[in-house]
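Inside the fold
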Amino acid sequence: MQRQVALIKQSLFDQGYLDDQFMELEELQDDANPNFVEEVATLYFKDSARLINNIDQALERGSFDFSRLDSYMHQFKGSSTSIGASKVKTECTTFREYCRVGNAEGCLRTFQQLKKEHATWQDRRGLGRQHVGPSKERDK
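In this report, the structure presented in the accompanying data block is examined. The structure displayed is predicted, hence computed values, not measured ones.

1. Describing the overall build of the protein chain
Each helix and strand counted, the protein chain has six helices and zero strands in total. Walking the protein chain from its N terminus toward its C terminus, one meets helices and strands in the order α-α-α-α-α-α. Within the span of the protein chain, comprising 140 residues, buried residues form 39% of the whole. In the protein chain, the proportion of contacts linking residues at least 24 apart, taken out of those at least 6 apart, comes to 64%. Surface summary for the protein chain: the accessible area is close to 8100 Å², and the carbon and sulfur share equals 49%.

Pasting the structure below:
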């Protein structure tokens, strides 16, 4: 099972979903805090779901408040960067560029791609978590 988890993780790196920041998070995990990465990831997905919902609502209004959208996306980009979610971070950057130039169509298109990348990473991360369980304790 540990090999399956390693393969899933490597696949996420190979496909560009994760970057070196994720490895730095893993280095912070130790015997004193064996669930650190899982806890950080859980907080990330909870917070990102809130931000996706806020952005969805703002976009559905039809009148684009680019300043507010940029603020939401700034938060999303920061948390994606800190956890190593590379593809999501890239889409956040693109979205923010469209906000700066007032391109509503670009924001809508990029946001759809961002949600796709986010969901793919979350789904694949879930596969690995099913095999390892909620902590490293299972491997002992």
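2. Brief notes about the pattern of salt bridges
In total, this model carries five salt bridges according to the counting rule given. Where arginine 50 meets aspartate 47, a salt bridge forms, and the shortest distance between an N and an O atom there is 2.6 Å. In this pair, arginine 50 and aspartate 47 both sit in helix α3 (residues 36–60), three residues apart, roughly one turn of the helix. By relative accessible area, arginine 50 is classed as partly exposed at 38%.

3. Overview of the packing of aromatic side chains
Considering all chains together, one arrives at six aromatic pairs under this definition. Measuring from ring centre to ring centre gives 5.8 Å for phenylalanine 64 and phenylalanine 66, while their planes differ by 15°; the resulting arrangement is stacked. Phenylalanine 64 sits in the partly exposed class, given a relative accessible area of 25%. The exposure class of phenylalanine 66 is partly exposed, given its relative accessible area of 21%. Taken together, the aromatic side chains of Tyr44, Phe45 and Trp121 make up a single cluster linked through ring pairs. Across from the ring centre of tyrosine 17, 4.4 Å away, lies the NZ or CZ of lysine 87, which sits over that ring.

The rules behind the values
Residues numbered from 1 in each chain as written. Predicted model: local features only at pLDDT ≥ 70, side-chain atom pairs only at ≥ 80, totals over all residues. Heavy atoms only, no water. Helix = DSSP H or I, 4+ residues; strand = E, 2+ residues; numbered from the N terminus. Buried < 20%, exposed > 50% of the residue type's maximum accessible area, 1.4 Å probe, protein only. Contact = heavy atoms within 4.5 Å. Areas by Shrake-Rupley, 256 points an atom, 1.4 Å probe, with all protein chains shown as cover. Salt bridge = Lys/Arg side-chain N within 4 Å of Asp/Glu carboxyl O. Phe/Tyr/Trp six-rings, centres within 6.5 Å; stacked < 30°, edge-to-face > 60°. Lys NZ or Arg CZ within 6 Å of the ring centre and 35° of its normal.

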